[in-house]
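What follows is the residue order along each chain.
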Amino acid sequence: MSLNELWFLLIAVLFVGFFFLEGFDFGVGMSTRFMARNDLERRVLVNTIGPFWDANEVWLLTAGGAIFAAFPNWYATMFSGYYIPFVVLLLALIARGVSFEFRHQKASAAWRNFWDWMVFVGSILPPFLFGVLFASLIQGMPINHDMNMHAGFFDYITVFSVWGGITVTMLCLLHGLMFITIRTENEIQERARRMAKRVWWITIPVLVVFVVMAFFFSDIFQARPVLVPLMIAVVVVMYVLSAVFLWKGRDGFAFAFGGLGIAITVATLFVGLFPRVMISSIDSAFDLTIYNAASGNYSLTVMTIVAVTLLPFVLGYQIWSYYVFRKRVSSKEKMTY
């Protein structure tokens, strides 16, 4: 494996980890508006992700930093071409993070209602925008021979990209509801379980439609005619197993298999892209690949040494934090958020 391939793999792993971890954060944030019946229940839901959400976002920051350092041409083309969507995404993430800290600072009902809406908006916009981004990436964008992307509104917003946004949003919502079942107890847990069952019946058809659309709107099936269908089949198995355990009340297994489903879905998109990192809708000769978008060999070598040295400590810290805060959140306890 070359260093170019290694760093593409590492970036894919970072995005997979981000959607697995931050995915349930988004889902919990969305659920605060329609599942919680009062302020106390909203506080319980927010506290289920309170110790984790900021660390989970580090996976996205690290992925962005890795793209910048390992594939600067990919970074330059994508971040300039998607400038407005990324600004909206950033503002949504900021609003969500601020709302977690601000919502409990005043006893005013209007104050809390405003920040609770910011939690919802900051949780539903990012997965939708990420879905639009990844769908448009595999569909192709107008990138010219200078690696510049000149896209109009209808290059970003297509039937396929919008459906990709809906798909990722629904996957995160289902993931978040399953997370609530393993982090809460009593009535909230039961309500989350019932709602997860209903959302499952919506999410899976939405995902199936996205897969069918991907066959017609992208070339990932042609690029990987064996591996992509095989991975999609694995995704189906994961969600079927998740449903089986969900209906049996085995919440931990349901969450684990649902999380694997969303992780393998994201991984499939990267497998279909490889060795490309961005597809040109103008001419395939203008595609950005792991070779023409990469840094020099020396930079990649130094980065690999640093990553191998520090990564075990970062992973160890995050695993430890999940272990420390493994206890279920109860409405009878003092709330942090």
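Residues numbered from 1 in each chain as written. Predicted model: local features only at pLDDT ≥ 70, side-chain atom pairs only at ≥ 80, totals over all residues. Heavy atoms only, no water.

The name recorded for the protein chain in an unreviewed UniProt entry is Cytochrome d ubiquinol oxidase subunit II, from Listeria aquatica. Its UniProt record, at the heading Subcellular location (unreviewed entry), says of the protein chain: "Cell membrane". In UniProt, the protein chain has this text filed under Sequence similarities (unreviewed entry): "Belongs to the cytochrome ubiquinol oxidase subunit 2 family." (UniProt positions renumbered as here; feature names shortened; annotations may be inferred.)

Bringing the packing of aromatic side chains into the picture now. Under the criterion given, the structure shown has 39 aromatic pairs. Between Phe114 and Trp115, the ring centres sit 4.9 Å apart and the planes meet at 80°, which makes this aromatic pair edge-to-face. A residue is classified by how much of its surface remains accessible, and Phe114, at 44% relative accessible area, is partly exposed. Judged by relative accessible area, which is 13%, Trp115 ranks as buried. In textbook terms, an aromatic cluster arises when at least three aromatic residues are bridged by ring pairs, as seen for Phe8, Phe15, Phe18, Phe19, Phe26, Phe130, Phe134, Phe270 and Phe274. The ring of Trp117 has Arg33 lying over it, and the distance from NZ or CZ to the ring centre is 4.2 Å. Sitting over the face of the ring of Tyr323, Arg326 holds its NZ or CZ atom 4.1 Å from the ring centroid. (Phe/Tyr/Trp six-rings, centres within 6.5 Å; stacked < 30°, edge-to-face > 60°. Buried < 20%, exposed > 50% of the residue type's maximum accessible area, 1.4 Å probe, protein only. Lys NZ or Arg CZ within 6 Å of the ring centre and 35° of its normal.)

With that settled, the discussion passes to helix H1 (residues 3–34). Taking 1.5 Å per residue as the helical rise, H1 with its 32 residues ought to reach 46 Å, and the 46 Å between its terminal C-alpha atoms agrees with that figure. In H1, a bend of some 35° at Glu22 exceeds every other bend along the element. For H1, the buried fraction is high: 23 of the 32 residues fall into the buried class. (Helix = DSSP H or I, 4+ residues; strand = E, 2+ residues; numbered from the N terminus. Expected span 1.5 Å × (residues − 1). Bend = angle between axes of the 7 residues up to and from the residue.)

Before going further, it helps to examine the packing of H1 against helix H6 (residues 109–139). Two elements in contact, H1 and H6, have axes separated by 8 Å at closest approach and are oriented at 140°. One finds that H1 runs oblique with respect to H6. Seen from above, H1 lies across H6 with left-handed handedness. Contacts between H1 and H6 involve Phe15, Phe18, Phe19, Asp25, Phe26, Gly29, Met30, Thr32 and Arg33 on the former and, on the latter, Asn113, Asp116, Trp117, Val119, Phe120, Gly122, Ser123, Ile124, Pro126, Pro127, Phe130 and Phe134. Partitioning the contact of H1 with H6 into residue classes produces 13 nonpolar, five polar and three charged. (Axes fitted to C-alpha atoms, helices over the stretch in contact; angles between N-to-C directions. Parallel < 35°, antiparallel > 145°, perpendicular 65-115°, else oblique. Left-handed = near helix turned anticlockwise from the far one by under 90°. Contact = heavy atoms within 4.5 Å. Nonpolar A, V, L, I, M, F, W, Y, C, P; charged D, E, K, R; others polar.)

Turning our attention to the side chain of Ser136. Relative to the assigned elements, Ser136 resides in helix H6. Polar side-chain contacts of Ser136 include one of 2.8 Å to the backbone oxygen of Leu133. Not counting the four nearest positions on each side in its chain, Ser136 is found in contact with Tyr82, Met141 and Ser161. (Polar contact = N/O pair within 3.5 Å; in protein donor to acceptor, adjacent residues only side chain to side chain.)

By secondary structure assignment, the location of Ser321 is in helix H13 (residues 297–324). Given a relative accessible area of 11%, Ser321 falls into the buried group. Along the sequence, Ser321 and Ala55 sit 266 residues apart, while their C-alpha atoms lie 9.4 Å from each other. Side-chain polar atoms of Ser321 contact the backbone oxygen of Gln318, separated by 2.7 Å.

Core analysis: the largest hydrophobic core is formed by 103 residues, its most contacted members being Phe15, Phe71, Trp74, Tyr82, Tyr239 and Met278. If you tally residues by element for this core, the top one is H1, at 14 residues. Setting aside anything within four residues of it in sequence, one finds Tyr239 in contact with Leu171, Leu174, Trp200, Ile204, Leu207, Gly258, Gly261 and Ile262. (Core = buried A, V, L, I, M, F, W, Y, C linked by side-chain atoms within 4.5 Å.)

Glancing now at the packing of helix H2 (residues 39–49) against helix H8 (residues 159–183). The contact between H2 and H8 brings their axes to 10 Å, and the two run at 95°. In terms of their interaxial angle, H2 and H8 are classed as roughly perpendicular. Mapping the contact onto sequence places Leu45, Asn47, Thr48 and Ile49 in H2 and Phe179, Ile180 and Arg183 in H8. Residues that form the contact of H2 with H8 fall into these classes: four nonpolar, two polar and one charged.

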